[in-house]
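# Structural overview
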Amino acid sequence: MRLAAVGHEVVLGSRSAERAEEVRAGLLELWPGRELAIGAADNAGAAAADVVVVATPWDGAAPTVAALAEALDGKVVISMANALTRVGKEFQPLIPPRGSVAADVQAAVPRALVAAAFHHVPAKELGALDHPVECDVLVCSDHPEATEVTSALIADIPGMRALDAGRLTAAGAIESLTAVLIGMNVRYRTRLSVRLTGLPGE
Ligand SMILES: NC(=O)c1ccc[n+]([C@@H]2O[C@H](COP(=O)([O-])OP(=O)(O)OC[C@H]3O[C@@H](n4cnc5c(N)ncnc54)[C@H](OP(=O)(O)O)[C@@H]3O)[C@@H](O)[C@H]2O)c1
């Protein structure tokens, strides 16, 4: 929604093209006055885009990209999945085999340029086009081009700032922090995001 709102052409993927179309129609209905270039397709159709965002539950991310490896060859693939589980009232982080979901995604498509980003931005805020999302987005990758392309997309979104968090080994800590933030959202009854201070030039 945010990327379409700033003029990017977006294709919403799904395991079922019909389901993608239903979701697309539902989203467009929420913002009738806006020109949002959002298409709908199956996951293969979405993987044909220049930049691909993987936003499935954590254990579906690596298998989803693995099935589309050829289409993702050489492309920037953004992983935003968090491996979490609910224990009683608490959300706890899980550690996937390679230390993060993003590392598992990179291993599944070794010729793609995987970046990890957007983990801490609440979905409802991403969809609430009537106000900016005031937050920092930590971006990490083993490919400078992926960090650059992902950061440029983030910078297009009003209120969002991309911060280079280093190599993909940082993804585990970034993903795990989400469990803490979700717990705080419950405690404070809000949708909080991350903002860091102390950067040069502030
Ligand atoms: N929700 C948030 O606020 C938020 C914020 C930042 C990051 N994230 C991360 O983004 C990811 C998606 O979050 P969400 O809340 O959108 O989750 P979700 O609604 O549970 O899943 C998103 C979509 O993934 C597809 N999917 C479900 N299981 C799948 C599987 N096993 N394999 C492949 N695709 C599957 C489904 O679409 P189809 O059935 O149509 O294929 C589903 O609608 C999560 O990893 C989450 O941690 C979420």
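Residues numbered from 1 in each chain as written. Predicted model: local features only at pLDDT ≥ 70, side-chain atom pairs only at ≥ 80, totals over all residues.

### A word on the domain arrangement of the chain
A common measure of how large an interface is: the accessible area buried when the components associate. Quick reminder of the rule: Either an automatic procedure or a domain database provided the assignment from which the domain bounds are taken. Any pair of residues counts as being in contact when their C-beta atoms, constructed from backbone geometry, are within 7 Å of one another. Numbering of helices and strands starts at the N terminus; helices are DSSP runs of H or I of at least 4 residues and strands are runs of E of at least 2. Any residue outside Ala, Val, Leu, Ile, Met, Phe, Trp, Tyr, Cys, Pro, Asp, Glu, Lys and Arg is labelled polar, Gly included; the first ten of those are nonpolar and the last four are charged.
Domain boundaries assigned for the chain yield domain 1 (1–46) and domain 2 (50–188). Residue-level contacts link 10 residues of domain 1 with 11 residues of domain 2. Of all the secondary-structure elements, those providing two or more residues to the side of domain 1 that touches domain 2 are helix 1 (2–5) and helix 3 (43–46). Its residues placed into classes, the side of domain 1 that touches domain 2 shows 7 nonpolar, 1 polar and 2 charged.

### Notes on the site of the ligand
Let me state the cut-off plainly: Placing a C-beta atom from the backbone of each residue, we mark the residue near a molecule or strand if the atom is within 6 Å of it.
Taken together, 18 residues form the shell around the ligand, and within it Ser14, Arg15, Gly60, Ala81 and Ala123 come nearest. Among the elements that take part in the shell around the ligand, helix 4 (residues 58–66) stands out by supplying 3 residues, more than any other. Of the residues belonging to the shell around the ligand, the class tally is 9 nonpolar, 7 polar and 2 charged. Both domains that furnish three or more residues to the shell around the ligand are identified here as domain 1 (1–46) and domain 2 (50–188).

### A few points about helix 8 (residues 144–156)
Helical geometry: 3.6 residues make up each α-helical turn, so side chains three or four residues apart lie on a common side. In plain terms, the rule: Take the number of residues in a helix, subtract one, and multiply by 1.5 Å to get its expected span. The exposure scheme places C-beta atoms from the backbone and then counts, for each residue, the other C-beta atoms within 10 Å of its own, assigning buried at 20 or more, exposed at 12 or fewer, and partly exposed in between.
For helix 8, with 13 residues, the first-to-last C-alpha span of 19 Å sits near the 18 Å given by 1.5 Å per residue. Residues of helix 8 that are buried: Ala146, Thr147, Val149, Thr150, Ser151, Leu153 and Ile154. Residues of helix 8 that are buried make contact with helix 1, strand 3 (51–54), strand 4 (76–79), strand 7 (113–116), strand 8 (135–141) and strand 9 (160–164).

### Some details on the sheet that holds strand 3
To summarise the sheet geometry, strands pair through backbone hydrogen bonds and adopt either a parallel or an antiparallel arrangement. Worth spelling out the cut-off: DSSP calls a pair of strands paired once it identifies at least 2 bridges connecting them. Every axis in this analysis is a line fitted to C-alpha atoms, fitted for helices over the stretch in contact. Angles between the N-to-C directions lie between 0 and 180 degrees.
In space, the 5 strands of this open sheet follow the order 3-4-7-8-9, with mixed pairing throughout. Edge strands, defined here as strands with exactly one partner in the open sheet, are strand 3 and strand 9. Strand-to-strand, the axes of this sheet are offset by a mean angle of 30 degrees, without reference to chain direction. Pairing of strand 8 with strand 9, which is carried by 5 bridges, proceeds in the parallel orientation.

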